[in-house]
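Breakdown of the fold
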Amino acid sequence: MKDSIYTIPLSEVLEPKDGCPICRLRNILENRCLEYIMGAAMMEPDIRMETNREGFCFSHFQRMLKAKNRLSLALMLESRLAYVAENELSAHPAKGGLFRKNVPVAPQKQSCFVCSEVNRVMDRMLQTLIHTWEKDESFRSLYDQQPVICLEHCRQLTALAPNVIGKRAAPFIAQTQRITRAYLEALGKDVTHFCRMYDYRNKGQDWGNSRDSIERAIWFLTTRKPEEEK
């Protein structure tokens, strides 16, 4: 797949200072990948071979449905179903297919073309982010100004950093975890306040920032906002 569609300056991802920049990066990559495969790339033989083999997860099928390009999706489904019929199911017991009697069938591992592509590019870009953080003081300052790094992406960056810059990773990890912890503490207080507002003794009191705390907590823990899954 053409990596040129994934050319994203990391400073542009951090500059908005709104939410988790790694979630923003992931969302941009997903959008570009989906637009690409739903467009002209749909007819490229090498891309169709990959989408036929890997398929898509439910979440990305939903995203493709929302794109309102039903013909492109139908064409991909047509060839994906044909691939499954030929390669994953067989009505011939002699070939050891699915319908062979008295032989348990191991479940197919769930795969998704978009997930695989995004994970591949994300890994490379997160390595670049860590290298840039180490070498560029202005980038390091911009990173420090982020309002939050969500829990999952904090974990990913913390695990990846020692493999990228070795023992020099400690300050990066400390900074990343500090950003995450500060948001987590404020979020926890908001969720607690939300719960307390259901006590009759607090009727008429100010909800503060707690009204959307459930949605923000789900996003913080999963990297996905609930409204994105509708």
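The following paragraphs examine the structure supplied in this document. Per chain, residues are indexed from 1 in the order of the written sequence. Per-residue local features are limited, in this predicted model, to residues with pLDDT of at least 70; the limit for side-chain atom pairs, both in listing and counting, is 80 or more; totals at the level of whole chains, interfaces and linings are taken over all residues. Where side-chain values are given, they derive from all heavy atoms of the structure, hydrogens and water being excluded.

A closer look at the packing of helix α3 (residues 45-54) against helix α5 (residues 70-87)
Keep this limit in mind: A fitted line through C-alpha atoms serves as each axis, taken over the contacting stretch for helices, and the angle formed by two N-to-C directions is quoted from 0 to 180°. Elements are defined by DSSP. Helices are runs of H or I of four residues or more, strands are runs of E of two residues or more, and each kind is numbered from the N terminus. Angle categories are assigned with fixed cut-offs, so that under 35 degrees is roughly parallel, over 145 is roughly antiparallel, 65 to 115 is roughly perpendicular, and the rest are oblique. Crossing handedness is defined as follows: a turn of the near helix away from the far one that is anticlockwise and smaller than a right angle gives a left-handed crossing, while the clockwise case is right-handed. Working rule for contacts: check all heavy atoms of both residues, and any pair within 4.5 Å makes them a contact. Three categories are distinguished: nonpolar for Ala, Val, Leu, Ile, Met, Phe, Trp, Tyr, Cys and Pro, charged for Asp, Glu, Lys and Arg, and polar for the others, with Gly belonging to the last.
In the contact formed by α3 and α5, the axes pass within 8 Å of each other and the chain directions differ by 60°. One element, α3, and the other, α5, form an angle in the oblique class. Considering how the two elements wind past one another, α3 and α5 form a crossing that is right-handed. Contact residues: R48, T51, N52, R53 and E54 in α3; L75, M76, S79, R80 and Y83 in α5. Class assignment for the residues of the contact of α3 with α5 results in 3 nonpolar, 3 polar and 4 charged.

Points about helix α10 (residues 213-222)
What counts is decided by this rule: To sort residues, take the accessible area from a 1.4 Å probe on protein chains only and compare it with the maximum for the residue type: under 20% means buried, over 50% means exposed, and anything in between is partly exposed. As used here, the arc is the angular range of directions from the helix axis to the C-beta atoms.
Within the span of α10, buried status applies to S213, R216, A217, W219 and F220. Angularly, the buried residues of α10 cover 165° about the axis, an arc narrow enough to put them on a single face. Contact partners of the buried residues in α10: α2 (21-38), α8 (151-165) and α9 (170-196).

Comments concerning the packing of aromatic side chains
Threshold: Ring geometry is summarised as follows: Phe, Tyr and Trp rings, the Trp one being its six-membered ring, pair when their centres sit within 6.5 Å, and such pairs are stacked at plane angles under 30 degrees, edge-to-face over 60 and tilted between the two. Note on criteria: charge over ring means Lys NZ or Arg CZ within 6 Å of the ring centre, with the direction from the centre no more than 35 degrees off the ring normal.
Scanning the entire structure with this criterion turns up 10 aromatic pairs. Ring geometry for F56 and F113: centres 6.4 Å apart, planes at 75°, overall edge-to-face. You can see F56 sitting in the loop between α3 and α4 (58-66) and its partner F113 sitting in helix α6 (residues 113-135), a full 57 residues away along the chain. Judged by its relative accessible area of 8%, F56 falls in the buried class. Looking at F113, the relative accessible area reads 1%, which means it is buried. Centre to centre, the rings of F194 and Y198 are 5.3 Å apart; their planes meet at 50°, and the pair counts as tilted. By relative accessible area, which is 15% here, F194 ends up buried. An aromatic cluster of at least three residues, connected via ring pairs, comprises F56, F61 and F113. The ring of W133 carries the charged tip of R140 above its face, separated from the ring centre by 5.4 Å.

A closer look at the nonpolar core
In summary, soluble globular proteins display a tendency toward joint burial of nonpolar side chains. The cut-off we apply is this: By convention a nonpolar core is built from buried Ala, Val, Leu, Ile, Met, Phe, Trp, Tyr and Cys residues, the set being connected through side-chain atoms within 4.5 Å.
L29, I37, V114, L129, I130, Y143 and L157 are the most contacted members of the largest nonpolar core, which totals 56 residues. For this core, the secondary-structure elements that each account for two or more residues are α1 (10-14), α2, α5, α6, α7 (137-144), α8, α9 and α10. Examining the composition of this core, we find that 10 residues originate from one element, α6, more than from any other. When sequence neighbours within four positions are dropped, the list of residues in contact with L157 reads I22, L126, L129, I130, Y143, I149, F172 and T176.

By themselves, these figures tell us nothing about what the structure is for.
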